[in-house]
Structure formats: structure tokens, C-alpha cells
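Chains, contacts and geometry: an overview
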Amino acid sequence: MSEYSKELIEMLRKKGQLLRKDCILCIGVGVAGHVGGSCSSADLMAALYFYKMKYDPKNPDWEDRDYFLLSKGHVAILQYSALAEAGFFPVEDLQHCKDIGFYLQGHPHLGTPGIEIGTGSLGQGLSLGLGIALGLRMDQKSNRVYVLVGDGEMDEGQIWEAAMAAGAKKVDSLCAIIDCNGLQAQGTTKDCMDSEPVAEKWQAFGWHTIEIDGHNMEQIVEALDAAEQVNDKPTAIIAHTIKGKGISFAENQVGFHNKALTEEQYNQALTELSSGR
């Protein structure tokens, strides 16, 4: 029998769907947005913000907070959705995302409530997360650091430099979550630069690895809990996901990595996500 209540799992599943819906509201009609990677990571984000992480939306700089870094910064709309639903700023602001002069732009930037670092140039988030985790260790703090990495992002050499350093330094407060949806901007990850076998590579760099179905909420929360129990190693949660999850016309479609929605697609996406398809 599961140690997690059905009510908890269902609540988190609904949060994941809500975040996907909010992402569509962020994008709107006729403006390009990263639908695919946002929807693939939504369940992971829901579990982090509404189950696992410690934070205070009224005091984003609370010194005992856990840190979340969106290394795949192009899916900023997903983090904005989570932050809005968590109370960092009004949900209504999401509809002004990418408006000229507005504070919610296409990539996360420092100064937005709840954003720890500016990201967008891929590959940098894990290095920054490692630096934060090492600083916390020096200060004898127990805060945890979570970094969401894309599987296409693993093409970047800086990811592996950070992975090697984190393993060598045995930074057990650091948890990398790899969104393995198998697609990136120009095709499949296998065809662009095959990073398999993913788990074995992270293990070789000194990481404890956990492989999960990134849409199975029970597996997600179990993995996040298990990561906290690991000593003397950072943890990599390898989450196998579906790009565009929850939107029938976008699922597993590389064209929806970054795409403007027609009015018909926009309305269909909202309908499907509202129905919990």
C-alpha cells in the first residue's frame, strides 16, 4: 500500500494540469511560446512547489527556503505559473507575460519574485545550483537546492563539468531533475546528440540516480523524498516525460518546442486541460 494518500496524489495531479493551463494562458494566441517543454515538466514542478519545497511567498528571500533553479530557462512560463499559483504574485499577471516592459519576460530574470537566478543560456543552471549548495554547506545550512535540466540541455559541456564537480564534492543537498522528453529544438535528442545511457553517465560522475515516470505523481514525490535521504552524493532524478503532455496536438511533436498557437489551438488546449484529458 502506498504511503501517500490518494487525496495528496490527486491534488498534485490537478496542480500539474492547472500549471499546463496557466502556461497556455501565458502564451495566448499568435505569440511563440515553449509549450512542449513546459507541459512535459509540469507534474515535476507541481510536486516541487506544492509538496516538497520550503518557501514563503510573502518573503521570497527567507533564509531557510529551498532553492529552485530553472536551468532550462526557456520554459519560464511554467515557473511563472507555479509561482503565481503559490502566491508570489497575482495569477492574473500571467496573461501579460512577454508584454513590453512587463516583469514576466521570456526567460527568468533576477528581480521577479521567487526567481533565484536569470537563466536562458542553456547549461548554466547546474553550476549555479552547485555554487549555492556549496555556500549553504559552508554556512552549515540545511536548505536543499533543486535544478531542473532539459535532456537537450545535456548537449552543453558545462552541465557535465558541474556534474563532475558536484560528485567530487559530495554535495548531497543538490538534486538535479532531468526532464527526458526525447525532443529538442531541432529534432530528437537521439538524432541531435545522443546522451544515452543517461543514468549510467550521471552515476559515473558520482551521483545517486533515480529513474521515474515523470507523469506518475506517486513516483515523483517518492523520488523527491528519497533524494533527501541520500548522504555524500548529489541526486539526479531522471524523469521520462512526454513533450507537450496533456495537449493532444502537441504531444511528442517537435514543432511545439516553441510555437505560436492559433486561436483554434489555444481554445482546444484550454478545453483539453480543463477536462483533465
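Fair warning: this is a prediction, and the values are worked out from it, not measured in the lab. Numbering of residues starts from 1 in each chain and follows the order in which that chain's sequence is written. It should be noted that, the model being predicted, local features are given only for residues of pLDDT at least 70 and side-chain atom pairs only at 80 or more, the latter also being counted only at that level, while totals for whole chains, interfaces and linings use all residues. Hydrogens and water molecules were not included; the side-chain quantities draw on all heavy atoms of the structure.

Side note on the pairing of strand E7 (residues 235–240)
For E7, the buried fraction is high: 5 of the 6 residues fall into the buried class. For strand E6 (residues 208–213) and E7, the ladder comprises 6 bridges, and the chain directions are parallel. Paired with Glu211 across the strands is Ile238, a residue of E7. Note on handedness: a clockwise path from strand one over the helix to strand two, with the strands aimed away from the viewer, defines a right-handed crossover. A run of H or I in DSSP counts as a helix once it spans at least four residues, and a run of E counts as a strand once it spans at least two, with each numbered from the N terminus. Taken together, E6, helix H8 (residues 217–228) and E7 constitute a β-α-β crossover, and its handedness is right-handed. Only protein chains enter the area calculation, which uses a 1.4 Å probe; residues under 20% of their type maximum are buried, those over 50% are exposed, and those in between are partly exposed. At least two bridges found by DSSP between two strands is the condition for calling them paired.

Some details on the packing of helix H1 (residues 6–27) against helix H9 (residues 263–275)
Between H1 and H9, the shortest axis-to-axis distance is 9 Å and the interhelical angle comes to 165 degrees. If you check the angle between H1 and H9, you find them roughly antiparallel. Note on packing geometry: the crossing formed by H1 with H9 is left-handed. Of H9, the residues touching H1 (which contributes Gln17, Arg20, Lys21, Ile24 and Leu25) are Tyr266, Ala269, Leu270, Glu272, Leu273 and Ser274. Along the lines of polarity and charge, the residues of the contact of H1 with H9 split into 6 nonpolar, 2 polar and 3 charged. Axes, fitted as lines to C-alpha atoms, cover a helix only where it is in contact. Angles between the N-to-C directions of the axes lie from 0 to 180 degrees. Any angle between 65 and 115 degrees counts as roughly perpendicular, while under 35 counts as roughly parallel, over 145 as roughly antiparallel, and the rest as oblique. By convention, the crossing between two helices is left-handed when the near helix turns anticlockwise from the far helix through less than a right angle, and right-handed when the turn is clockwise. For this analysis, residues touch if any pair of their heavy atoms sits within 4.5 Å. Gly is placed with the polar residues, together with every amino acid not listed as nonpolar (Ala, Val, Leu, Ile, Met, Phe, Trp, Tyr, Cys and Pro) or charged (Asp, Glu, Lys and Arg).

With respect to the UniProt feature "domain: Transketolase N-terminal" (unreviewed entry) in the protein chain
According to UniProt, the "domain: Transketolase N-terminal" (unreviewed entry) feature falls on residues 32–269. The span residues 32–269 carries 36% helix and 14% strand; its end-to-end C-alpha distance comes to 15 Å. UniProt positions are given in the numbering used here, feature names are shortened, and annotations may be inferred rather than shown by experiment.

Structural notes on the packing of H1 against helix H3 (residues 76–85)
At a closest axis distance of 9 Å, the pairing of H1 and H3 adopts a crossing angle of 115 degrees. Taken as a pair, H1 and H3 cross one another with a handedness that is right-handed. Seen from H1, the contacting residues are Leu18, Leu19, Asp22, Cys23, Cys26 and Ile27; seen from H3, they are Ile77, Leu78, Ser81, Ala82 and Glu85. Residues of the contact of H1 with H3, tallied by class, amount to 8 nonpolar, 1 polar and 2 charged.

Quick look at unusual backbone geometry
Cis geometry marks the peptide bond from Glu196 to Pro197, where omega comes out at -5 degrees. Counting through the fold element by element, Pro197 comes out in the loop between helix H6 (189–193) and helix H7 (198–204). Not every positive phi belongs to a glycine, and Gln140 is a case in point at roughly 55 degrees. As for its placement among the helices and strands, Gln140 is situated in the loop between helix H4 (125–138) and strand E2 (145–150). Of note, the phi angle at Lys170 is positive, near 55 degrees, even though the residue is not glycine.

Observations concerning the nonpolar core
Judged by nonpolar contacts, the single largest core of 58 residues is most densely connected at Ile24, Met45, Tyr49 and Phe68. In terms of residue count, helix H2 (residues 35–52) provides more of this core than any other element does, 10 residues in total. Residues contacting Met45, with those up to four places away along its chain left out, are Leu19, Phe68, Leu70, Leu78, Gln79, Ala82 and Leu148. Membership of the second largest hydrophobic core comes to 27 residues, among which are Leu69, Leu130, Cys180 and Val198. Buried residues of nine kinds, namely Ala, Val, Leu, Ile, Met, Phe, Trp, Tyr and Cys, make up a nonpolar core once their side-chain atoms join them within 4.5 Å.

Side note on the pairing of E2
Counted residue by residue, E2 has 6 buried out of 6 residues, so it is predominantly covered. Of the two faces of E2, the one carrying Val145, Val147 and Val149 and the one carrying Tyr146, Leu148 and Gly150 are both buried. Of the strand pairs in this sheet, strand E1 (residues 67–70) and E2 are connected by 4 bridges, and their pairing is parallel. Residue pairing in the sheet places Leu69 in a bridge with Val147 of E2.

Here's the deal with the environment of Gln124
Here Gln124 shows up in the loop between H3 and H4. Judged by relative accessible area, Gln124 falls into the partly exposed class, the value being 33%. Look past the residues within four positions of Gln124 in its chain and what remains in contact with it is Ser71, Glu153 and Gln158.

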